[in-house]
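Remarks on the overall topology
What follows is the residue order along each chain.
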Amino acid sequence: DSGVTQTPKHLITATGQRVTLRCSPRSGDLSVYWYQQSLDQGLQFLIQYYNGEERAKGNILERFSAQQFPDLHSELNLSSLELGDSALYFCASSSDIPYEQYFGPGTRLTVT
Amino acid sequence: DQQVKQNSPSLSVQEGRISILNCDYTNSMFDYFLWYKKYPAEGPTFLISISSIKDKIEDGRFTVFLNKSAKHLSLHIVPSQPGDSAVYFCAASRAGGHSGYALNFGKGTSLLVTP
C-alpha cells in the first residue's frame, strides 16, 4: 500500500459526459501528479500540483483540468468525454525527493 | 515522441537465475532514472532509482547499471523469485523545465519467473 488513495476505482460513462476523479496523497506529501495509461501510449504525464499551485503540465487536453485543494487532495476533471479517453488514470505523490513518486491504485475510466 | 524505450515486451527467467531488464533513452538531459514494478489491478510501485552522477546502485537483489554514453540502463535481479513476476517500467526525469519532475515512462517489460 503506497498510502495514495484514488476514488472511484472504476467509472463507466457515456461520450459527452463529465467526470471527476479524486486523489489523496500520502500524508505529508505536497506534490500530486496525474498520469494517464492507455493501451497504445503507456503512462503519460498529465499535470502536477505542488501545495495547491499548478507546477507543470504535460500533454493534457484542454477538456481536462485539475486542482489541488487546501487539504492537499486533488481532483482531475474530464469533460466532453470521447471514446479515446478510456484509460487508467493514476495519481502519484512525492515529498522531499520529487523524482520518487508513489502511485495510487488508479481509476479505470470506460467511455461508451 | 517516446523518450524512454523498453524494447523487450516480455522476458521469461527460471527461478534462481538472473533477470536483466533493459531500457534506452534519447534525452541526454535526463538526470534521474527509476524502475517501477506493477502487478495487475495495482498502481506502479517504486523499486529503485539512480542519479545520473552514478553508474551503479544496489539494493538487495536489485542492481541498476547506468551507461550515460550509450543512454542505456539495466535492472538486474539476482536471484529471481516467482514473486518478481510483474511488469517492470523504466522511467526518467529531468529537473526543471515546463515538465517539472514529471516521469517519462517506457512501455514496460513483463517478467515471468518460472519455478
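Residues numbered from 1 in each chain as written. Chains lettered and ligands numbered in written order. Predicted model: local features only at pLDDT ≥ 70, side-chain atom pairs only at ≥ 80, totals over all residues. Heavy atoms only, no water.

**Section: the sheet that holds strand β8 (residues 74–78) of chain A**
Residues and elements named next belong to chain A. On the basis of which strands lie adjacent, the open sheet formed by 4 strands has the order β1-β3-β8-β7 and antiparallel pairing. Of all the strands in the sheet, just β1 (5–7) and β7 (64–68) have a single pairing partner and so form its edges. Sheet twist, expressed as the average angle between the axes of neighbouring strands with direction ignored, equals 15 degrees. Where β1 and strand β3 (residues 19–24) come together, 3 bridges link them in antiparallel fashion. Pairing of T5 across the sheet is with S24, part of β3. (Pairing = 2+ DSSP bridges. Helix = DSSP H or I, 4+ residues; strand = E, 2+ residues; numbered from the N terminus. Axes fitted to C-alpha atoms, helices over the stretch in contact; angles between N-to-C directions.)

**Focus on the packing of aromatic side chains**
Throughout the structure, instances matching the rule amount to 16 aromatic pairs over all chains. Their ring planes at 85 degrees and their centres at 5.1 Å tell us that Y99 of chain A and Y101 of chain B sit as a pair that is edge-to-face. Taken as a pair, Y99 of chain A in the loop between β9 (87–94) and β10 (102–103) and Y101 of chain B in the loop between β9 (86–93) and β10 (104–105) lie in two separate chains rather than in one. Overall, the relative accessible area of 24% leaves Y101 of chain B in the partly exposed class. Aromatic pair F103 of chain A and F105 of chain B: ring centres 5.9 Å apart, planes at 80 degrees, arrangement edge-to-face. In this pair, F103 of chain A is assigned in strand β10 and F105 of chain B in strand β10, connecting two distinct chains. The exposure classification of F103 of chain A matches that of F105 of chain B, with both residues buried. The lysine or arginine in question, R26 of chain A, covers the ring of Y102 of chain A, its NZ or CZ lying 4.0 Å from the ring centre. (Phe/Tyr/Trp six-rings, centres within 6.5 Å; stacked < 30°, edge-to-face > 60°. Buried < 20%, exposed > 50% of the residue type's maximum accessible area, 1.4 Å probe, protein only. Lys NZ or Arg CZ within 6 Å of the ring centre and 35° of its normal.)

**Thoughts on the state of the cysteines**
The term disulfide refers to a covalent linkage connecting the sulfur atoms of a pair of cysteines. Residue and element names in this part refer to chain A. Enumeration according to the criterion identifies 2 disulfides over all chains in this entry. Across the disulfide from C23 sits C91; the S-S distance is 1.7 Å. For the disulfide bridge between C23 and C91, the dihedral angle about the S-S bond is near -50 degrees, and by the sign convention the bridge is left-handed. Of this pair, C23 sits in strand β3 while C91 sits in strand β9; the two residues are 68 residues apart in sequence, bridging distant segments of the chain. For C23, a relative accessible area of 0% gives the class buried. (Disulfide = S-S within 2.5 Å.)

**Section: the nonpolar core**
Residues F33, W35, L73, L75 and Y88 of chain B are the most contacted members of the largest nonpolar core, which totals 23 residues. Contributions of two or more residues to this core are made by β3 (19–25), β4 (32–38), β5 (45–51), β7 (62–67), β8 (72–77), β9 and β11 (109–114) of chain B. At 4 residues, β9 of chain B tops the list of elements feeding residues into this core. The contacts of L73 of chain B, once residues within four sequence positions are left out, are L21, N22, C23, Y25, F33, W35, V64, F65, L66 and C90 of chain B. The next biggest cluster of nonpolar side chains, apart from the first, holds 21 residues, and it includes V4, V19, L81 and L109 of chain A. (Core = buried A, V, L, I, M, F, W, Y, C linked by side-chain atoms within 4.5 Å. Contact = heavy atoms within 4.5 Å.)

**As for the pattern of salt bridges**
Residue and element names in this part refer to chain A. The tally for this structure, following the rule as stated, stands at 5 salt bridges over all chains. Salt-bridge contacts for R26 lead to D29; the nearest nitrogen and oxygen are separated by 2.7 Å. When its relative accessible area of 2% is taken as the criterion, D29 is described as buried. A salt bridge links R63 to E82; the shortest N-O distance between them is 3.7 Å. Of the two residues, R63 sits in the loop between β6 (53–57) and β7 while E82 sits in the loop between β8 and β9, which places them 19 residues apart along the sequence. Classification of R63 as buried rests on a relative accessible area of 19%. With relative accessibility at 43%, the residue E82 sits in the partly exposed group. Salt bridges here are not isolated pairs; linked through shared partners, they connect R63, E82 and D85. (Salt bridge = Lys/Arg side-chain N within 4 Å of Asp/Glu carboxyl O.)

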